[in-house]
Amino acid sequence: MALASGVRFAARALLRPWALLRGTTLGRTEPAAGGGGDGARRFGSQRVLVEPDAASGVAVMKLRNPPVNALSLELLTELVISLEKLENDKTFRGVILTSDCPRVFCAGLDLTEICGRNPAHCAEYWKAMQELWLRTYLSSLVLVAAINGACPAGGCIIALSCDCRVLADNPKYRIGLNETLLGIIAPFWLKDTYVNTIGHRASEQALQLGSLFPPAEALQVGLVDQVVPEDQVQSTALSEMARWLAVPDHARQLTKNMMRKATADRLLRQRDADTQNFVSFVCRDSIQKSLQAYLEKLRQRKG
Ligand SMILES: CCCCC/C=C/CCC/C=C/CC(=O)SCCNC(=O)CCNC(=O)[C@H](O)C(C)(C)COP(=O)(O)OP(=O)(O)OC[C@H]1O[C@@H](n2cnc3c(N)ncnc32)[C@H](O)[C@@H]1OP(=O)(O)O
């Protein structure tokens, strides 16, 4: 499913050379763990490890930005590049998105990218976040989120952009859009994604309360599709992938587009305004103070 040319252009304009080259091994392949035949060669970058299996047409894409897979500008950029590479390789029909970091799937926005940063950087950062959401939400591939750790805020939205979600049954692995707890708010396209997944009333309540749902409640409210023991998350994601790949791609892709295009178009129509709203909102002194206080609290938790 081709993204609007504007988005593709934005992606290319965004993917500045330095972001690609900084410590990455883009394009370099290495044998996947356990060897494997042709097509089993890993590729990716410093922060995204892709383990493709050409025989099944399924790749496992692992976020590898320790300690918590915070969505730094580089991680956002490398995720978009890795996804685009798999979408352009017709060998692949599905991607399992998971974490290489223990206990955390993705901690959401990297708050150091917006705390104490100038408006130009915040704008560039937010465009990268928009791009990753558009790329995952509209992907022609089947995307299954194998959620093997905590999944707050931006991590939750990446998981919700996938076609289905398998969550490890660990009470510490909570998932949800908790922005209000940081003194900020989710932009409309995060809200829309939530509403499209769990409905309006559940979203209205969960967004205002900044709810982070433990697995049983996440399943009950519909945020995730399956909750399984931690050591069965990857195998369950593979089984779920097989279920989706049993459907002819073209019919499934057209249906996915029918279901999601209106939501994505809403952002595409007002992408610049959304960026300006984000920058003027997060650069307010009061918001900067809230975010700094929140980061401080996070850092002191270990003390
Ligand atoms: C009107 C128009 C409005 C326009 C729209 C405006 C919108 C604003 C943006 C809206 C969207 C926001 C989406 C977001 O993603 S905001 C970020 C929300 N994320 C969180 O709340 C998660 C915070 N982190 C945690 O809860 C925990 O770290 C954990 C993920 C549960 C993992 O816990 P644990 O394993 O115990 O690890 P630590 O807590 O000790 O963290 C280790 C290390 O990492 C730092 N860190 C954690 N999360 C982040 C983060 N999101 N960004 C940056 N850094 C993070 C943490 O401070 C520790 O650092 P040190 O090792 O240096 O202490």
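Right, let's walk through the structure included here. Every residue gets a number counted from 1 within its own chain, in the order that chain's sequence is written. Confidence filtering applies because this is a predicted model: local features only for residues at pLDDT of at least 70, side-chain atom pairs given and counted only at 80 or more, and all residues used for totals across whole chains, interfaces and linings. Only heavy atoms go into the side-chain values, all of them from the structure, while hydrogens and water stay out.

1. What about the packing of helix α5 (residues 154-161) against helix α6 (residues 188-198)?
Applicable threshold: Only the stretch in contact is used when fitting a helix axis, every axis being a line fitted to C-alpha atoms; angles between N-to-C directions are given from 0 to 180 degrees. A run of H or I in DSSP becomes a helix once it reaches four residues, and a run of E becomes a strand once it reaches two; helices and strands are each numbered from the N terminus. The labels follow the angle: roughly parallel below 35 degrees, roughly antiparallel above 145, roughly perpendicular from 65 to 115, and oblique for the rest. Working rule for handedness: look at the near helix, and if it is turned counterclockwise from the far one by less than a right angle, call the crossing left-handed; if clockwise, right-handed. Here a residue-residue contact requires only that any non-hydrogen atoms of the pair lie within 4.5 Å. Each residue gets one of three labels, nonpolar for Ala, Val, Leu, Ile, Met, Phe, Trp, Tyr, Cys and Pro, charged for Asp, Glu, Lys and Arg, and polar for the others, Gly among them.
At a minimum axis separation of 10 Å, α5 and α6 run at an interaxial angle of 50 degrees. Considered as vectors, α5 and α6 are oriented oblique to each other. For the element pair α5 and α6, the recorded crossing hand is left-handed. Counting all contacts with α5, which are made through C156, I157 and L160, the residues of α6 involved are L190, T193, Y194 and T197. The residue makeup of the contact of α5 with α6, split by class, is five nonpolar, two polar and no charged.

2. Some words on the pairing of strand β3 (residues 48-53)
Note the threshold: Three labels apply to residues, based on accessible area from a 1.4 Å probe with only protein chains included: buried if under 20% of the type maximum, exposed if over 50%, partly exposed otherwise in between. Only strands that DSSP links by at least two bridges are regarded as paired with each other.
Most of β3 sits inside the fold, with five of its six residues counted as buried. Bridge analysis of strand β2 (residues 41-44) against β3 gives two bridges, and the strand direction is antiparallel. In the sheet register, F43 faces β3, and the bridge partner there is V50. The antiparallel hairpin formed by β2 and β3 contains three residues in its connecting segment. Strand direction decides the pairing type here: β3 and strand β4 (residues 58-63), joined by six bridges, are antiparallel. When the bridges of β4 are listed, D53 appears paired with V58. Connecting β3 to the next strand, β4, in antiparallel fashion are four residues, including G57 with a positive phi near 75 degrees.

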